[in-house]
Amino acid sequence: ACQLVKDLVDKHQVKTISKGKSMISEEIGLNHFLEKEAGVEIYEGDLGEFIVQLRGTMPFHIVGPAINMTVQEIASVLQQHIDMPYTEVATEIVSYVRTYLRDKFEKADMGITGVNQAIASTGSLVLVENEGNIRWATSAPRVHVALMSIEKVCANFADAFHLLGLLT
């Protein structure tokens, strides 16, 4: 899977990638592979994923990737890696990171997302988000790659909507 994505990176001469949340990309080590093998810059769009990406650690939890970190640790990581002025005020942290990432997302050549459900009868993808990062990863870049495993495929929309009810 990593090689297939790298082939697309090479084909489309991608230099910068924006990402919506994708646990499967974590499982296959996609970021590390693409950074090492293709020399691309990758920016996670999910705030918690972005924080642990900068820290160089795996997500702590699927829903709260950085929930194990204190606000002081988060502020220090962001100050060190993206020159954010040190603050422990959550709204200031979110605002700074949002502005920082918006610039990266506007210039991204490729967007990568996970998939919540795929509809076999139409070829449609269902993507669920809570921070707006999927919209950046799917609409701003010229290339979108959707990563999923086979259990995400549903026969039709009715089946997909039934399973989406279980998501929460």
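Refer to the structure printed above.
A quick note: this is a predicted structure, and the numbers were derived from the prediction, not measured. (Residues numbered from 1 in each chain as written. Predicted model: local features only at pLDDT ≥ 70, side-chain atom pairs only at ≥ 80, totals over all residues. Heavy atoms only, no water.)

Draft legend 1. Looking closely at the overall build of the chain. Scanning the chain for helices and strands turns up 8 helices and 7 strands. Its C-alpha radius of gyration of 16 Å places the chain within 12% of the 15 Å reference for a compact globule of 168 residues. Its C-alpha atoms put the chain at 50 × 40 × 25 Å along the principal axes. Burial analysis of the chain (168 residues in total) assigns 40% to the buried set. Taking the contacts inside the chain whose residues are at least 6 apart along the sequence as the reference set, 67% of them involve residues at least 24 apart. Roughly 9,300 Å² of accessible area belongs to the chain as shown, and the carbon and sulfur atoms make up 54% of that amount. (Helix = DSSP H or I, 4+ residues; strand = E, 2+ residues; numbered from the N terminus. Rg over C-alpha atoms; globule rule 2.2 N^0.38 Å. Buried < 20%, exposed > 50% of the residue type's maximum accessible area, 1.4 Å probe, protein only. Contact = heavy atoms within 4.5 Å. Areas by Shrake-Rupley, 256 points an atom, 1.4 Å probe, with all protein chains shown as cover.)

Draft legend 2. Just helix 1 (residues 2–11), in detail. Every buried residue belonging to helix 1 is among C2, V5, K6 and V9, and all of these are buried. Seen along its axis, helix 1 keeps its buried residues to an arc of 100 degrees; they face one direction. In helix 1, those exposed residues whose orientation departs by more than 90 degrees from the buried face are L4 and K11. Next to the buried residues of helix 1 lie strand 1 (16–19), helix 2 (23–28), helix 3 (30–38), strand 3 (110–113) and strand 6 (143–146). Just beyond helix 1, the residue with positive phi is Q13, at close to 50 degrees. (Arc of directions from axis to C-beta.)

Draft legend 3. Representation of a nonpolar patch on the surface. Taken together, L125, M148, I150 and V153 make up a surface patch of nonpolar side chains, about 360 Å² in accessible area. Mapped onto the elements, L125 comes out in strand 5 (residues 124–126). For L125, a relative accessible area of 41% corresponds to the partly exposed category. (Patch = residues over 30% accessible without salt bridge, like charges linked within 9 Å, V, L, I, M, F, W, Y side chains within 5 Å. Salt bridge = Lys/Arg side-chain N within 4 Å of Asp/Glu carboxyl O.)

Draft legend 4. The arrangement of the side chain of T16 in detail. Inspection of the secondary structure puts T16 in strand 1. If we skip the residues at most four places from it in the chain, T16 touches E41, Y43, K104, K107, A108, D109 and M110.

Draft legend 5. Inspection of the nonpolar core at higher detail. One finds F50, L78, I82 and V97 to be the most contacted residues of the largest nonpolar core, which totals 17 residues. Only helix 4 (47–55), helix 5 (71–82) and helix 6 (90–106) provide two or more residues apiece to this core. When residues in this core are grouped by element, the largest group, 5 residues, is from helix 5. Each residue touching V97, except ones within four places of it in the same chain, is listed here: L47, F50, L78 and I82. Listed in part, the 14 residues of the second largest apolar core include V5, V14, I17 and V40. (Core = buried A, V, L, I, M, F, W, Y, C linked by side-chain atoms within 4.5 Å.)

Draft legend 6. Quick look at the sheet that holds strand 4 (residues 117–119). A sheet is described by the order of its strands in space; here 3 strands give the open sequence 5-4-7, paired in mixed fashion. Each edge of the sheet is formed by a strand with only one pairing partner; in this case those strands are strand 5 and strand 7 (153–154). Across 2 bridges, the pairing between strand 4 and strand 7 is parallel. Bridged to A118 within strand 7 is V153. Its contacts with the sheet put helix 8 (residues 157–167) on strand 4, strand 5 and strand 7, and the angle it makes with strand 4 is roughly 170 degrees. (Pairing = 2+ DSSP bridges. Axes fitted to C-alpha atoms, helices over the stretch in contact; angles between N-to-C directions.)

Draft legend 7. Region of the structure containing the pattern of salt bridges. Tallied over the full model, the rule gives 6 salt bridges. Linking R135 and E129 is a salt bridge whose minimum nitrogen-to-oxygen distance equals 3.2 Å. For R135, a relative accessible area of 55% corresponds to the exposed category.

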